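Residue strings, one per chain:
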Amino acid sequence: MKAIGIFFMLLALAIGVVPQFTNCSAQGRAIELPGGRTIPMKCHWTAMAAPAVAVPLLVVGGLMFFSRRRETLWALSLLGSVLGIFAILLPTYLIGVCASDEMLCNIAMKPTLIFGGAVTLGAGLVGLVLAGKIRSGLFTEAAGSD
Amino acid sequence: MSLIRLALRNIAGNTFRSFVVLLCALLISGMALTTGMILFGADNSLRLAMDRLGADIIVVPEGAADRVESALLMGRPTQSWMPASVVDRVAAAMDVQAVSPQLYLATLSNASCCTVSDMFLIAYDPRTDFVVTPWLEKTIGGVLRLGEVIGGADVFVPAGEEGIKLYGYHVALKAKMEPTGTGLDRSLFLTIETAQEMARVSRIKAEKPLEIPQNSVSAVMVKVRPGCNPRAVALNILVHISGVTPILSPDMFQSQRKELTALRNGVVMALIITLVFSVLLIGLVFSMAANERRRELGVLRALGATRSFVFQVLLSEAGLLAMYGGVAGAALTILAVVLFRKLIIATLGIPFLVPALPMLAALILGGLACSLLTVMLAAMLPAYRISHEDPSIAMRE
């Protein structure tokens, strides 16, 4: 379970940091209005929202690393999975990214968030299964060594 | 207790050792699958692009061959022109069955009059065309009319709009082609008549007008008579028509093929290094584990377990870890390659299409086999050594 905690923390860093450098605003791009004023593109807001998923995931990973109680590990795994789902939903449904397929937000930021989210979800589910097995006593030795 | 259950408990009993072996298996399977997917995907993409071009020879202006290949393969727009009289001269060459001119155009960069920035446009002559027209007749049962276009797999009409705006001229997307993983997926095919109408409208509506030089073409597609040697025809064109370069279809994309060969050498080398280091690391981990567990395995032998049972337990552990790691590696690799496909294309500079399902299944099995074989091979020697040790000596030490 410690490994999953470390894994969550690494994924949280990727989810939180990569979008800050791969959104269109970071590349100096913006939507120019007819009056000459510029407004940020959609992907800018997704990048702004990414730390809102990454920071709680970092905390969840940290808590998982130090926790030993089965119920706590189970709850933290569940929370990690939910945060993974939100990481996927940010660029695909909740906010989105720019329309053009060739923009950096589409080729780097969106895949990073989906990949990070999917792996977080997968790791969370593995954590749930392992926490369940600790409860049933099958992996008692493993829990002890953790 | 069954063999598998005992192996599972042993795996759970030493999380660090299991984690290291699992990680190695994950890396091996992931590396093998990535190598296979990228190499087969790039090769497949090049083949599909050549099929899509559908001509035996492409005649382009002298010195423009590399730029045209790059435009067709990577979607980097280019404009090169040669006199339209070349079309008749090529048609008159020996053993040429059919010729058709094409114009290579591009949309403007970041201009409000163009929906898509820097898109490669291929204008063809529907009266002579033998590349797009047969596909169109099969797909939409007709030909393209004025203001209609067909697009590559990645071309789409923006949400809330009725068509695609090119130089302030709206075109209707009639159909989309199958993906090839090349620049053709981001290109538009239209008739020369539509291109000329677009050029006329662009003088009023576009930020910068579309210029199509009078009596000029960008390329001539050539179909050779059946049974004739395309290479001889290409040589004949090269010798008799000045200012042009004929490119044979099988010789297309040579620079990309060279890049692909260099990439293949690099990734195969990386795979071999990963395999060697993994075998050494897993062998070391299993040797350490076997030494640690000498007493435990000695007790197992003293309780009546045969040598072959102990050997099988150790190999089952290795096999299970290899399978878990291999499956996780394959899943992560497929997810990453599919999601980051465009980044891979942009970074490596080669076209790439995710292989079709049967090929993908074969590659996954290959990756799993690679990981299973490596882990089993590494675990074989320590497992054999400890299973053949005398239980009384093992328990005493």
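Residues numbered from 1 in each chain as written. Chains lettered and ligands numbered in written order. Predicted model: local features only at pLDDT ≥ 70, side-chain atom pairs only at ≥ 80, totals over all residues.

Caption draft 1: Broad picture of the environment of Thr72(A). All names here are of chain A. One can find threonine 72 in helix H3 (residues 70–94). The exposure class assigned to threonine 72 is partly exposed, which follows from the 15 C-beta atoms found within 10 Å. Between the C-alpha atoms of threonine 72 and leucine 10, which are 62 residues apart in sequence, the distance is 20 Å. (Helix = DSSP H or I, 4+ residues; strand = E, 2+ residues; numbered from the N terminus. Buried ≥ 20, exposed ≤ 12 C-beta atoms within 10 Å, placed from the backbone.)

Caption draft 2: A look at unusual backbone geometry. Residue and element names in this part refer to chain B. Phi is positive for tyrosine 167, close to 55°, though the residue is something other than glycine. By the element assignment, tyrosine 167 lies in the loop between strand S6 (164–166) and strand S7 (169–176). Taking the C-beta count within 10 Å as the criterion, tyrosine 167 has 26 such neighbours and is therefore assigned buried. Even without being a glycine, asparagine 215 presents a positive backbone phi close to 50°.

Caption draft 3: Local environment of the sheet that holds strand S5 (residues 148–151) of chain B. Residue and element names in this part refer to chain B. In space, the 9 strands of this open sheet follow the order S6-S7-S5-S8-S4-S3-S10-S1-S11, with mixed pairing throughout. If you trace the sheet from one side to the other, it starts and ends with S6 and strand S11 (244–248), each paired once. Averaged over all adjacent pairs, the angle separating strand axes in this sheet is 35°, with direction ignored. Relative to strand S8 (residues 188–191), S5 is paired through 3 bridges, and the arrangement is antiparallel. Its bridge partner lying in S8, isoleucine 150 is registered against phenylalanine 189. Here helix H6 (residues 192–205) sits on the sheet in contact with strand S3 (96–106), strand S4 (120–124), S5, S6, S7 and S8, set at roughly 150° to S7. (Pairing = 2+ DSSP bridges. Axes fitted to C-alpha atoms, helices over the stretch in contact; angles between N-to-C directions. Contact = placed C-beta atoms within 7 Å.)

Caption draft 4: A look at the nonpolar core. Of all hydrophobic cores here, the largest spans 158 residues; its most connected members are Leu57(A), Val59(B), Val90(B), Val220(B), Val222(B) and Val375(B). Top element by residues in this core is helix H2 (residues 15–53) of chain B. It accounts for 15 residues. Residues lining this core come from more than one domain, with at least three contributed by each of domain 1 (3–47 + 257–396) and domain 2 (63–242) of chain B. With near-sequence residues (within four places) excluded, Val59(B) lies in contact with Val86(B), Val90(B), Ala219(B), Val220(B), Val222(B), Ile237(B), Val244(B) and Pro246(B). (Core = buried A, V, L, I, M, F, W, Y, C linked by C-beta atoms within 7 Å. Domains from an automatic or database assignment.)

Caption draft 5: Region of the structure containing the confidence of the model for chain A. Residues at a pLDDT of 70 or more form 92% of chain A, whose mean pLDDT is 87. Low pLDDT, under 50, characterises residues 140–146 of chain A; the predicted model gives this stretch 11 contacts beyond four residues in sequence or across chains. (pLDDT = per-residue confidence, 0-100.)

Caption draft 6: Layout of the environment of Glu148(B). All names here are of chain B. Topologically, glutamate 148 is positioned in strand S5. For glutamate 148 and threonine 347, which are 199 residues apart along the polypeptide, the C-alpha to C-alpha distance reads 34 Å. If we skip the residues at most four places from it in the chain, glutamate 148 touches Val171, Ala172 and Lys174.

Caption draft 7: Representation of the domain arrangement of chain B within the structure. Once the domains are mapped, chain B shows domain 1 (3–47 + 257–396) and domain 2 (63–242). Each residue belonging to the side of domain 1 of chain B that touches domain 2 of chain B can be placed in one class, and the counts come to 3 nonpolar, 2 polar and no charged. (Nonpolar A, V, L, I, M, F, W, Y, C, P; charged D, E, K, R; others polar.)

Caption draft 8: Layout of the environment of Ala379(B). Residues and elements named next belong to chain B. Locating alanine 379 in the fold gives a position in helix H12 (residues 357–387). What makes alanine 379 buried here is the crowd of 27 C-beta atoms within 10 Å. Residues alanine 379 and isoleucine 282, spaced 97 residues apart in sequence, show a C-alpha to C-alpha distance of 7.0 Å. Setting aside anything within four residues of it in sequence, one finds alanine 379 in contact with Ile282, Phe286, Leu314, Leu315 and Ala318.

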